[in-house]
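Per-entry structural report
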Amino acid sequence: MRVTNIRRGRIFRIFICILIAIPVVYLLATWSDGHKKVREVYQSKFAARSAREAPRLVEGLGNFEPRNQPQREGPGEYGEPYHLPPEKKNEADASEMEYGMNIACSNAISLDRAIKDTRLEECQHWDYPYDLPTTSVIIVFHNEGWSVLMRTVHSVINRSPKHMLHEILLVDDFSDKEDLQDKLESYIKRFNGKVRLIRNSEREGLIRTRSRGAKEATGEVIVFLDAHCEVNTNWLPPLLAPIYRDRTVMTVPVIDGIDHKTFEYRPVYADGHHYRGIFEWGMLYKENEVPKREQKRRAHNSEPYKSPTHAGGLFAMNREYFLELGAYDPGLLVWGGENFELSFKIWQCGGSIEWVPCSRVGHVYRGFMPYNFGKLGAKKKGPLITINYKRVIETWFDDKYKEYFYTREPLARYYDMGDISEQLALKKKLQCKSFQWFMDNVAYDVFDKFPPLPANLHWGELRSVAVETCLDAMGHQPPSIIGLQHCHGRGNNQLIRLNAAGQLGVGERCIEADRQGIKLAFCRLGTVDGPWQYDEETKHLLHRVYQKCMSLNPQSLQLSLSPCDVNNAYQQWKFKTLRP
Ligand code: UD2
Ligand code: MN
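It should be emphasised that the depicted structure is a prediction, and the values quoted were computed from it without experimental measurement.

Some remarks on the nonpolar core
- Ranked by size, the top nonpolar core spans 62 residues in total, and within it F279, W281, M283, M317, F322, F344 and F435 carry the most contacts.
- Setting aside anything within four residues of it in sequence, one finds M283 in contact with F340, F344, Y389, I393, F397 and F405.
- Counting residues in hydrophobic clusters, the runner-up holds 43 residues, among them L184, Y187, V223 and L239.

Some remarks on the sheet that holds strand β26 (residues 558-562)
- Strand order in this open sheet of 4 strands is β23-β24-β25-β26, and the pairing throughout is antiparallel. One side of each edge strand has no neighbouring strand; the edge strands of this open sheet are β23 (532-535) and β26. Put simply, the sheet's adjacent strands are angled 40 degrees from each other on average, direction ignored.
- Pairing geometry for strand β24 (residues 540-543) and strand β25 (residues 548-553), over 2 bridges, is antiparallel. Paired with H543 across the two strands is K548, which belongs to β25.

Focus: the coordination of the manganese ion (ligand 2)
- For the manganese ion (ligand 2), the protein coordination sphere consists of D226 (OD), H228 (NE2) and H363 (NE2), at 2.2 Å.
- Sequence spacing of the donor residues for the manganese ion (ligand 2), all on one chain, is D-x1-H-x134-H. Of this pair, D226 sits in the loop between β6 (221-225) and β7 (229-231) while H363 sits in strand β14 (residues 352-364), and the two are 137 residues apart along the sequence.
- On the basis of relative accessible area, D226 is assigned to the buried category, the value being 19%.

Digging into the UniProt feature "domain: Ricin B lectin" (unreviewed entry) in the protein
- As annotated by UniProt and renumbered to match this structure, "domain: Ricin B lectin" (unreviewed entry) occupies residues 459-576.
- The distance separating the terminal C-alpha atoms of residues 459-576 is 8 Å; by composition the span is 0% helix and 47% strand.

Remarks on the environment of W437
- Along the chain, W437 turns up in helix α15 (residues 435-441).
- The exposure class assigned to W437 is partly exposed, which follows from its relative accessible area of 25%.
- Each residue touching W437, except ones within four places of it in the same chain, is listed here: W347, Q348 and V442.

The rules behind each value
- Residues numbered from 1 in each chain as written.
- Chains lettered and ligands numbered in written order.
- Predicted model: local features only at pLDDT ≥ 70, side-chain atom pairs only at ≥ 80, totals over all residues.
- Heavy atoms only, no water.
- Core = buried A, V, L, I, M, F, W, Y, C linked by side-chain atoms within 4.5 Å.
- Buried < 20%, exposed > 50% of the residue type's maximum accessible area, 1.4 Å probe, protein only.
- Contact = heavy atoms within 4.5 Å.
- Pairing = 2+ DSSP bridges.
- Helix = DSSP H or I, 4+ residues; strand = E, 2+ residues; numbered from the N terminus.
- Axes fitted to C-alpha atoms, helices over the stretch in contact; angles between N-to-C directions.
- Donors = N, O, S within 2.8 Å, 3.2 Å for Na, K, Ca; no water.
- UniProt positions renumbered as here; feature names shortened; annotations may be inferred.

Rendered as C-alpha cells:
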C-alpha cells in the first residue's frame, strides 16, 4: 500500500514537472524562433555561393541594423509632410514649375533627415554575409534640384555599411544649372573621395548616361538610383545578398513614395502584400500582386521574390554582368523602355530578377517631366518612347507577341527604330531563350491581366461624316467624356481602334456608352472585348447591347447613343488611315 503511494507521489511530481516544462520549452523555442528561423533560411538561401565560384565567406554573418539612433527634430523629420509658411508660396510655385517638385520645400528639410522604417518587422532579423560585394552607387542627373540630389547622396552615406559602399558616382548629363557646377564640386570634397563626379560633354539622356556610369564605376556591384531618392534603413545588404549568391541576379528594392509637394515619405504596399513588375501590350509598366505560384516558393514574407520586370530607376547588378549583357542597348534614346530591354535580356539570356521586400527606397514622383529630350529627341520622327519600345520588342519578342504590340500601337509599325542588328547578334551569341519561354516561366501572370489582343478591324482617326471633327480622348483621365476636336492627323488621343471582339479603344483605354453618353473608361481588366460593331456601308457604329448608334449632337457637339437611322448623317463615321 505505502510503496504504491510513494510511487504514485513520484509519478505525480514527474507529471507536474512535465506540465511546467512544456510551456517553458515552448516559450524558449518561440523566443529565439523569429531570429533563428529567418537566419536558417537565410544561410541556406544566400550564404552559399554558386559552385563555380570559390567560397569567400571570410568573416561570417552580420546583421547591420542601426542601433541607438539619436532623436531628431525639424521640418520633414521622420518623413512627415512639411508645409512652407504662406510667404514662401511664390518661391514654392516657381520651383515646382522649374523642377516638377517643390524644391523650396526640400531646401527647408535637413539633408540628413530621418525617415520612418517602412520595412516588414521581420526584416530586422536577417543576417547577411559580412563580405558582401563592394558597391558603386550610380546616380545620373540632368538639372535636378541641388538639395534633392544631395539628400540622395547623404541618405546613401548614412544608411549603407561603410565597408560595402565603395563609391557614389554622380554622372551629370550635361546640366546647365548654376548650382550644379562649382558648388557641387566643392561640396562633395567633404566625403573624402567617396563621392565622385563625372560629366557628359553633351546631353546623352538617362539611358546612355547610366551605361557610361557603369563603365566608369569601380565597385563589384552597381546600384542605380534616380537623383531624387532617399534610401531607407539597412537598404543595401538585402540587395547585395542575392547577387553574392548568384552574380546573374538583378535585385530591385521596393519603391516608397516621396510627395513632390511636401516631401512626405509614404510607404507603398504597407499591408504586407507584395507586388511585381509586369506590362501591358502597349508596353506600359504595371504592377501586379505576386502570384501564388511565386509566393509559395518562399518560407518568409520578407524573402525576395522573382519578378518579370521592374520600374527602371532603382536596381542592383553585378557590374561585369551588366557589361557582358552589353549594358543598355545604345540605340535607346533618352528615356523609357530601357527597363524592359534589360529585364527581357536578363531573363531570356539566363539571369533573373528578384524584388527585395527588405530593401526600401523612397523616390519623388514628379508632377510632370520638367526637361525636354534635347537634340536626341528632336532628330527622331514619331514619339521617341514608342520608338524605344519598338527596338525592344523587335529584339526580344517572338513574332506573335510583336503583333500584340502593333495592335495596341498601330502607328509604331511605321516608325524608324534604327539598326538593331547588334542587339540580335548579342541575343544569338548569348543563346537567349524565346519570349514564349519567358511568358510561360516568368511572366505567366501577364495574360491574366492583359490577354492576347484580337486584331484591329479598323484604326485611325474616327471622323464624323457630317461635321469636320474627330473623336478625341483629350488626354483626360477616365472616367471622363470623349470630346470632339479638330482632326489633327497626328494620332495620339485621336487614334481610335476597333478590334475583332468589338472593343473600341484609345491608347490603353476603352470607349464605352451608358444612358448619359459616350465615355472614356478604364478597360475591364482581363478583357479585350466590347459592344461595338462598325458597318462600312451605313457607316454606323452600333452598340450591340443597347441596339443604338453613336450620334453627334450638332448643337452641343456632344456624343450620345440614339436609335439608328440610315438617313441621319450625324450617325455616320469614318476611320481615316493615319501615318507618322
Ligand atoms: C522612371 C524611372 C527612371 C527611368 C525612367 C524610364 C523609377 C523610379 N524611375 O521614370 O529611372 O527608368 O522611368 O527611362 O523607376 N536624367 C538624365 N538625363 C535625361 C533625363 C533624366 O540624366 O536626359 C536623370 C534624371 O535626373 C533622374 C533619372 O535620370 O535622376 C531618371 O529620370 P526621371 O526621374 O525623370 O524618370 P522617372 O522617375 O520619371
Ligand atoms: Mn525619377
